[in-house]
Amino acid sequence: MDRLEPAKLYYFDASPFARLCRVLIDEWHVPVQMIDVSYPLPDDFFKINPLGQVPTLKTIGETIFPTSQIVEQLWAMTEEAQEPFLDPLADRQLLAIILELSDFLVNAVHIEFAGLETVGENRLGFDMKERDFLRVQNGLDWLEDRAGTWLTGDEPNVCDYALTCLLLWSDSRRPITWRNRKNIADIVDRLAERPSFKSTVPAPMT
Ligand SMILES: N[C@@H](CCC(=O)N[C@@H](CS)C(=O)NCC(=O)O)C(=O)O
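Residues numbered from 1 in each chain as written. Predicted model: local features only at pLDDT ≥ 70, side-chain atom pairs only at ≥ 80, totals over all residues.

## Description of the overall build of the chain
Applicable threshold: Secondary structure follows DSSP: runs of H or I at least 4 residues long count as helices, runs of E at least 2 residues long count as strands, and numbering of each begins at the N terminus. In this description the radius of gyration comes from C-alpha coordinates, and the expected globular size is given by 2.2 Å times residues to the power 0.38. Put plainly, a residue is buried at 20 or more neighbouring C-beta atoms within 10 Å of its own, exposed at 12 or fewer, and partly exposed in between, counting only other residues' C-beta atoms, which are placed from the backbone. What counts as a contact is two residues whose backbone-derived C-beta atoms lie within 7 Å of each other.
The helix and strand inventory of the chain stands at seven helices and four strands. Ordered by position in the sequence, the α and β elements of the chain form the string β-α-β-β-β-α-α-α-α-α-α. By the compact-globule yardstick of 17 Å for 206 residues, the chain fits well, its C-alpha radius of gyration being 17 Å. Along the first, second and third principal axes, the C-alpha set of the chain runs to 55 × 45 × 35 Å. Residues counted as buried form 31% of the 206 residues belonging to the chain. Considering only contacts in the chain between residues 6 or more positions apart, those separated by 24 or more positions represent 72%.

What follows is the structure, encoded as structure tokens:
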């Protein structure tokens, strides 16, 4: 890759993980070229990312994924610390949990959208989709208990942005109950008004 070539973010519009990266690139004014890839991803996307997933960030000599690593890389590319803040060490657990909740929710919704049903004896002992929805609801309760004005104190943090991407994704794809949690609802409502969120609203489902 030419030294002058900017980093590239592969994304598609509906991905809540990619939306977090796109919003942060906007907020932090990081020079990254956006590459919109179609969904479902073509098989040859596995040549770019062995997991076949977006977001994927290509920088000089490096292919960076999953989202947590991209977020840290983007933060490292900022010229000075600015909102939303990130302390890669102190915020790691909270960010990991929110991204895990995003994985659970996307997985549960995809099971539903794919029309998958149990066709044999369930030797697992629980319903995978319902368990994922349960994890999300319990995770949101856990976050609500810890939240004040923001999830990590007095200043907006990347974790607030990640949670907002997740809940707005749910609203646009497969609504779940979350507005009953006041602290979280206030965070999402404040952030959803920001230009970075307004300019990355996913197209309605067809
Ligand atoms: N754990 C991954 C999740 C990424 C992910 O689930 N990406 C989805 C879009 S929301 C994807 O690329 N799906 C493509 C596919 O399943 O074919 C991360 O943190 O980046």
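Structure's up, so let's keep going.
## A look at the nonpolar core
How we decide: Connectivity within a nonpolar core runs through C-beta atoms within 7 Å, and the core itself is a set of buried Ala, Val, Leu, Ile, Met, Phe, Trp, Tyr and Cys residues. Domain extents, as shown, originate in an automatic or database domain assignment.
The biggest cluster of nonpolar side chains holds 46 residues, and the ones touching the most others in it are Leu-20, Cys-21, Leu-24, Ala-162, Leu-163 and Leu-166. Per-element accounting of this core gives the leading share, nine residues, to helix α5 (residues 158–173). If you count residues domain by domain, this core takes at least three from each of domain 1 (7–77) and domain 2 (92–198). Once residues within four sequence positions are removed from consideration, Leu-20 is found in contact with Thr-67, Val-71, Tyr-161, Ala-162 and Cys-165.

## Comments concerning the domain arrangement of the chain
What the domain assignment reports for the chain is domain 1 (7–77) and domain 2 (92–198). Placing a centre on the C-alpha atoms of domain 1 and another on those of domain 2 gives a separation of 20 Å. Contacts between the two partners involve eleven residues from domain 1 and, on the opposite side, twelve residues from domain 2. Secondary-structure elements contributing two or more residues to the side of domain 1 that touches domain 2 are α1 (16–28) and α2 (67–77). In terms of residue count, α1 provides more of the side of domain 1 that touches domain 2 than any other element does, eight residues in total.

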